[in-house]
Amino acid sequence: MAKVRAVFRCTECGTTVPKWAGRCPGCEEWNTLIEELESASSSSSALLGPRDRPTPISEVDVAEWQARPTGIGELDRVLGGGLVPGSVTLIGGEPGIGKSTLLLQAMASIAAEGVTVLYISAEESKQQVKLRAERLGALQPTLWLASETSLPHILDDIDEIAPTVVIVDSIQSVHHPDISSAPGSVSQVRECAARLVATAKSRDLAIVLVGHVTKEGGLAGPRVLEHVVDTVLAFEGDRHHALRLLRAAKHRFGATDQLGLFEMTEDGLAGVPDPSRLFLADRRKGVSGSVVVPTMEGHRPLLVELQALVTRSPLASPRRSSQGVDSGRVSLLLAVLAERAGFSFAEADVYALAVGGVKVAEPAADLGLALALASALASQPLPADLVVCGEVGLGGELRQVSHCDRRLAEAARLGFTRALVPRLAPDPPDGIVAIRVGTLAEAIEAIGIRPDTRSTAPSTARSTARSPNGAESRRESPSED
Ligand code: TYD
Ligand code: MG
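This report concerns the structure included in the present document. What you are looking at is a predicted structure, and each value in this text was computed from that prediction instead of being measured.

Tracing the backbone through its elements, the reader meets Thr89 in strand S4 (residues 88-93). Exposure remark for Thr89: the relative accessible area of 3% places this residue in the buried category.

This part is about helix H9 (residues 404-413). Each α-helix winds once per 3.6 residues, and so residues spaced three or four apart point in a common direction. All of the buried residues in H9 are Cys404, Arg407, Leu408, Glu410 and Ala411. Down the axis of H9, the sector holding all buried residues measures 155°, keeping them to one side. The secondary structure elements touched by the buried residues of H9 are helix H6 (275-280), strand S13 (290-297), strand S14 (300-312), strand S17 (386-388) and strand S20 (418-422). Within two residues after H9, Gly415 carries a phi angle of roughly 95°, on the positive side.

Before going further, it helps to examine the site of ligand 1. In the region of ligand 1, 16 residues are neighbours, and Gly96, Ser100, Thr101, Thr265 and Gly268 sit closest. Between Glu266 and ligand 1, the recorded distance is 3.1 Å, taken from a backbone N or O atom to an oxygen atom. Going through the elements one at a time, helix H2 (99-111), helix H3 (126-135) and strand S11 (259-265) are the ones with two or more residues in the shell around ligand 1. Looking at which element gives the most residues to the shell around ligand 1, the answer is H2, with three residues.

Evaluated as defined, the whole model comprises 21 salt bridges. Note that Arg436 and Asp427 form a salt bridge whose closest N and O atoms lie 3.2 Å from each other. Look at Arg436 and you get partly exposed, because its relative accessible area is 32%. Through salt bridges with shared partners, one network takes in Asp274, Arg277, Glu410 and Arg413.

Bringing the pairing of strand S9 (residues 231-236) into the picture now. Within S9, five of the six residues are buried, which leaves it mostly tucked inside the rest of the structure. Bridging between S4 and S9 involves four bridges; their strand directions are parallel. Considered in S9, the bridge of Thr89 is made with Thr231. As defined by bridge partners, S9 adjoins strand S10 (residues 243-251) across six bridges and the pair is classed as antiparallel. Paired with Phe235 across the strands is Leu246, a residue of S10.

Across four bridges, S11 lies against strand S12 (residues 268-271) in antiparallel orientation. When the sheet's bridge partners are listed, Thr265 is paired in S12 with Gly268. Linking S11 back to S12 in an antiparallel pair, the connection comprises two residues.

What counts and what doesn't
Residue positions within a chain follow its written sequence, with the count starting from 1. In the order they appear in the text, chains get letters beginning with A and ligands get numbers beginning with 1. This being a predicted model, a pLDDT of at least 70 is required before a residue's local features are given, and a value of 80 or more before pairs of side-chain atoms are given or counted; all residues contribute to the totals for chains, interfaces and linings. As a rule here, side-chain values come from all non-hydrogen atoms in the structure, and water together with hydrogens is ignored. Going along the chain from the N terminus, every DSSP run of H or I of four or more residues is numbered as a helix, and every run of E of two or more is numbered as a strand. Here the term buried applies to any residue with accessible area under 20% of the maximum for its type, exposed to any over 50%, and partly exposed to those in between, with areas from a 1.4 Å probe on protein chains only. Arc definition: directions from the helix axis to the C-beta atoms. The contact definition used throughout considers only heavy atoms, calling two residues in contact when any of these lie within 4.5 Å. Any residue with a heavy atom lying within 4 Å of a molecule or strand is counted as near it. What qualifies as a polar contact is a pair of N or O atoms within 3.5 Å, subject to a donor-acceptor requirement within protein and to the restriction that residues adjacent in sequence count only when both atoms come from side chains. Any Lys or Arg side-chain nitrogen found within 4 Å of a carboxyl oxygen on Asp or Glu counts as a salt bridge. Two strands form a pair only when DSSP identifies at least two bridges running between them.

Just distances and angles here, no functional claims.
Rendered as structure tokens:
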């Protein structure tokens, strides 16, 4: 009989330690170590496939590694063409984000070509899946369904149906009876995934695993699977918004810089052909604290509205709240605004967000975010036809951003006519005029925003400049404090 010993394993990163601790020594997350029984003989032998003989590199046959399009354009864009035979793809995302919906739609589209597809639903009954498939128009004769959680049964199903593509929804609900740990534990998830990977390779099957990303409920984080699989996709979005973003976090068959955009509708997920227009659809012009920034998501320019709200705070340490923008970046910009441009938020609660449930992480949005904050503090709106891009340094200086031309072309396409850009930015495309500025203070001058009376900080010196509308801005001297 196999020897069994107890170990503690991190549900986030998979680090194993012999004794329980509050904090994982591997990833330094708190309360992620879970006791597991590890059987000494559990793994490896079952994974030993046929030996692969060495081949001269020039003679390696790549014909079989042609990606098969899923027919879902935005998914194929992120996959760099489609699913590769013999590969395993992990799609991670929070519960309810739409992973099952996306995969059912993709499988129906593949099955519509007459390809045999097996959908293993380890969480929902066949009836539930069928009802959803009916709604999505996904009833295809070569789309097979099994509601199964036991890995040996799943492998039998694969033997019987001989599918070309297999979905396992979700890997955390699958277990192998030979492994003593509970379903969802790291050993189970890792072992089951490893066996599915071996099956995919030996049968030239494309397998897609669904993985929930959550710490609650003791489910093993998909991070423990990332090195086992070929491709890791992250399906993101705010559950309260319709927009969903699909990105590749790891991709052995292509680039990881593509973005897929979907909208959750009554008839399932629909690709979003013009995301910038969608993001700006509800924008109100002439409101203070609102700025449009052209961001890059991989190769795609996207116009996103950033909003800030500043209110007088009753608290000794005022509130700082951000959604979709990095809170550390907001703090940094508040400090730069105070020290380099004379806008103090010391007694103010500050709220900042990216509209539409997107996350804007790139430094190119700094200037836009800083101007949204300044505009909110001063209660003065920015011009409605203006977009802003530039990275802000601690000295208040502005740095260039990558792909400036692509960003501004997207802005011009959507009717923006002016762009506030760092001094050395390349010439803008037709239809849009560049307003070049060297510092954050100059940018604020250029759009004619001034700290209003609510500001309590000492003002720093600012050079006299003319704003585009011709109003001369005042020169302020540093006050002694
Ligand atoms: P689901 O694919 O079950 O999410 P996951 O597998 O990631 O947990 O989808 C969850 C949500 O999507 C669910 O709350 C209902 C919604 N939904 C729609 O709005 N329209 C649809 O056509 C479908 C199938 C689901
Ligand atoms: Mg699901």
